[in-house]
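Examining the three-dimensional arrangement
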Amino acid sequence: MTDIWSAEKRSEVMSRIRGSDTKPELQVRSMLHRLGYRFTVRGPKNKSLPGRPDLVLPKHRVVVFVHGCFWHGHAGCPDFKMPKSRTDWWTAKIEGNRARDARVANELHCLGWHVVTLWACAVKTRGARDWLEARLPVLIEGKPRKSVAKVAEE
Ligand SMILES: [Zn+2]
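My aim in this report is to walk through the structure given alongside it, one point at a time. Because the structure is predicted, anything quoted here is derived from the model rather than measured.

1. Re the overall build of the chain
A tally of regular secondary structure across the chain gives 6 helices and 3 strands. The helix and strand sequence of the chain, counted from the amino end, reads α-α-α-β-β-α-β-α-α. Among the 154 residues that make up the chain, the fraction classed as buried is 20%. The contacts in the chain between residues at least 6 apart in sequence include a share of 57% that link residues at least 24 apart.

Next up, the structure:
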């Protein structure tokens, strides 16, 4: 097999095959920890809900997916380029994944879950991680955390 994947992509794909935790997932988990959110990664809901969400935050009724940019076809992302060989096969594969992601999000929505989809590129660099961490409360709770300064003013 020719080397169509970057080392990073290969490791993501292999890790999916093994069913283990990807690096972006671990990074999102530590962010949520720092922010004080409680979540499950191997709870019953992680297994039973549509799409088997990576993270479940029961208190907020939020599920989080951490999507690899290649595998889930992150449109416009530099980490997603359709392979030059077997392009038809890959297009069908990735379109299928996109369609499944959309269907799963819809099913979860109908079950009353708020779906937060995070892309691997959002945790790739320090700057991206800082930005995402500041924004996670908005994505999860629909509002930003009060800054320490603001709390002190009240
Ligand atoms: Zn991306």
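Let us keep going from here.
2. Brief notes about the sheet that holds strand β2 (residues 62-67)
With respect to topology, 3 strands assemble into an open sheet ordered β1-β2-β3, the strand pairing being mixed. A strand with exactly one partner marks an edge of an open sheet, and here the two such strands are β1 (55-57) and β3 (114-119). Pairs of neighbouring strands in the sheet enclose a mean axial angle of 20°, with direction left out of account. Taken together, the 3 bridges between β1 and β2 define a ladder with antiparallel strand orientation. From the neighbouring strand, Leu 55 faces β2, where its bridge partner is Val 64.

3. Points about the nonpolar core
Leu 55, Val 63, Val 64, Val 66 and Leu 118 are the most contacted members of the largest nonpolar core, which totals 19 residues. Elements with a contribution of two residues or more to this core: β1, β2 and β3. For this core, the element with the most residues is β2, which contributes 5 residues.

4. So, helix α4 (residues 87-110)
Turn by turn, an α-helix covers 3.6 residues, leaving residues three or four places apart pointing in a common direction. Here α4 is 24 residues long and its end C-alpha atoms lie 34 Å apart, about the 34 Å a rise of 1.5 Å per residue gives. Of all 24 residues in α4, 1 are buried, a share of ten percent or less. One or two steps after α4, the chain reaches Gly 112, where phi turns positive at roughly 90°.

Rules and cut-offs
- Residues numbered from 1 in each chain as written.
- Predicted model: local features only at pLDDT ≥ 70, side-chain atom pairs only at ≥ 80, totals over all residues.
- Helix = DSSP H or I, 4+ residues; strand = E, 2+ residues; numbered from the N terminus.
- Buried ≥ 20, exposed ≤ 12 C-beta atoms within 10 Å, placed from the backbone.
- Contact = placed C-beta atoms within 7 Å.
- Pairing = 2+ DSSP bridges.
- Axes fitted to C-alpha atoms, helices over the stretch in contact; angles between N-to-C directions.
- Core = buried A, V, L, I, M, F, W, Y, C linked by C-beta atoms within 7 Å.
- Expected span 1.5 Å × (residues − 1).

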